[in-house]
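Geometric and topological summary
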Amino acid sequence: MTARRVELAINGAPIALEVEPHHTLLDVLRDEAGLTGTKECCLVGECGACTVLVGDRSVDACLVLAAEADGWEVTTVEGLASGGELHPLQAAFLATGAAQCGFCIPGQLVSAHALLAQTPRPTRPEIEEGLAGNLCRCAGYEQIFEAVELAAEDMAR
């Protein structure tokens, strides 16, 4: 197989690299860019641990070929904080105890970020629907939903 040159921006930083046609965006983020916040888990798009934004759309990075992201802005959990300050979602997850083991949290945060960008004041059912693709093995859904509600309130101020 022949490697292909891919240019994208990850968390605002442009990057160009050669990728094999079968390498996923998850492979590139973790192995090439060194961004390990995006978790590798099921590799079949069922758990949401690898959720990132491609443009303004949340996707499972394990299901997107790196070549498909060519030319796009990719935002990972590392890209949510700004200037050393936690994003309101990250602060809310800490305040509500939503982090628990932490494995699903990067994907939960990115999905919640996409939800709040689209629906700044979501109802509980909208939050549940917006995070439906993200599984929590610790079953901390209540704290996660509360964190999204808290962040929405904080961001509306």
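Structure: above.
What this report covers is the structure whose coordinates are included nearby.

**Here we look at the side chain of Asp60**
Structurally, Asp60 is set in strand β4 (residues 57-60). Despite being buried, Asp60 has no salt bridge partner; Arg57 is the closest side chain of opposite charge, sitting 9.5 Å away. Those residues within four positions of Asp60 in sequence are excluded, and the remaining contacts are Gly45, Gly48, Cys50 and Thr51.

**Structural notes on the pairing of strand β2 (residues 13-19)**
Within a regular beta strand, the side chains point alternately toward one face of the sheet and then the other, so they alternate between its two faces. As judged from the seven bridges shared by strand β1 (residues 4-10) and β2, these two strands associate in the antiparallel manner. Bridged to Glu7 within β2 is Ala16. Between the end of β1 and the start of β2, which pair antiparallel, lie two residues, with Asn11 showing a positive phi angle near 55°.

**Observations regarding helix α5 (residues 141-156)**
Taking 1.5 Å of rise per residue, the 16 residues of α5 would be expected to cover 22 Å, and the 23 Å separating its terminal C-alpha atoms lies within 8% of that figure. Residues of α5 that are buried include every one of Ile144, Phe145, Ala147, Val148, Ala151 and Ala152, and no others. End-on view of α5: buried residues confined to an arc of 155°, all on one side of the axis. In this structure, the buried side of α5 is in contact with α2 (88-96), α3 (105-118) and α4 (124-130).

**Observations concerning the sheet that holds β4**
Where strands meet in a sheet, backbone hydrogen bonds hold them as pairs that are either parallel or antiparallel. Strand order in the open sheet formed by five strands is β2-β1-β5-β3-β4, with mixed pairing between adjacent strands. The two strands at the open ends of the sheet, each matched to only one other strand, are β2 and β4. Across this sheet, the average inter-strand angle for adjacent strands is 40°, counted without regard to direction. Those strands touched by α3 are β3 (51-54), β4 and β5 (73-75), and its axis lies near 35° from that of β3.

**Overview of the pairing of β3**
Alternating residues of β3 divide into Thr51 and Leu53 and Val52 and Val54, and every residue in both groups is buried. Looking at chain direction, β3 and β4 are connected through four bridges and run antiparallel. Within the sheet, the bridge partner assigned to Thr51 lies in β4 and is Asp60. Counting the residues between successive antiparallel strands, the hairpin from β3 to β4 contains two residues, one of them, Gly55, with a positive phi of roughly 70°.

**Observations regarding the state of the cysteines**
Summed over the entire model, instances satisfying the criterion amount to zero disulfides. Of all cysteine sulfurs in the structure, the one in Cys42 sits closest to Cys47, which takes part in no disulfide; the separation is 3.7 Å. No disulfide involves Cys136; its sulfur sits 4.0 Å from that of Cys104, the nearest cysteine. Relative accessible area serves as the criterion here: at 10%, Cys136 is assigned to the buried category.

**Topic: the packing of α2 against α3**
When two helices pack together, their arrangement is given by the angle between the helix axes and the distance between those axes. For the pair α2 and α3, the least separation of the axes is 10 Å and the interaxial angle reads 125°. If you check the angle between α2 and α3, you find them oblique. Seen along the crossing, α2 lies across α3 with a hand that is right-handed. Counted together, Leu89, Gln90 and Phe93 of α2 and Ile105, Gln108, Leu109, Ala112, His113 and Leu116 of α3 form the full contact between these two elements. The class makeup of the residues in the contact of α2 with α3 is six nonpolar, three polar and no charged.

**Things to note about the nonpolar core**
Core analysis: the biggest nonpolar cluster contains 24 residues, and Leu89, Phe93, Leu109, Leu131, Ile144 and Val148 have the highest contact counts within it. Elements with a minimum of two residues in this core: α2, α3 and α5. A per-element tally of this core places α3 first, with seven residues. If we ignore the near neighbours within four places in the chain, the residues touching Leu89 are Leu109, Ala112, His113, Leu116, Val148 and Ala151. Counting residues in each nonpolar core, the second largest holds 20 residues, with Leu17, Leu35, Val54 and Ala69 among its members.

Each value, and the rule that gives it
- Residues numbered from 1 in each chain as written.
- Predicted model: local features only at pLDDT ≥ 70, side-chain atom pairs only at ≥ 80, totals over all residues.
- Heavy atoms only, no water.
- Helix = DSSP H or I, 4+ residues; strand = E, 2+ residues; numbered from the N terminus.
- Buried < 20%, exposed > 50% of the residue type's maximum accessible area, 1.4 Å probe, protein only.
- Lys, Arg positive; Asp, Glu negative; His and termini not counted.
- Salt bridge = Lys/Arg side-chain N within 4 Å of Asp/Glu carboxyl O.
- Contact = heavy atoms within 4.5 Å.
- Pairing = 2+ DSSP bridges.
- Expected span 1.5 Å × (residues − 1).
- Arc of directions from axis to C-beta.
- Axes fitted to C-alpha atoms, helices over the stretch in contact; angles between N-to-C directions.
- Disulfide = S-S within 2.5 Å.
- Parallel < 35°, antiparallel > 145°, perpendicular 65-115°, else oblique.
- Left-handed = near helix turned anticlockwise from the far one by under 90°.
- Nonpolar A, V, L, I, M, F, W, Y, C, P; charged D, E, K, R; others polar.
- Core = buried A, V, L, I, M, F, W, Y, C linked by side-chain atoms within 4.5 Å.

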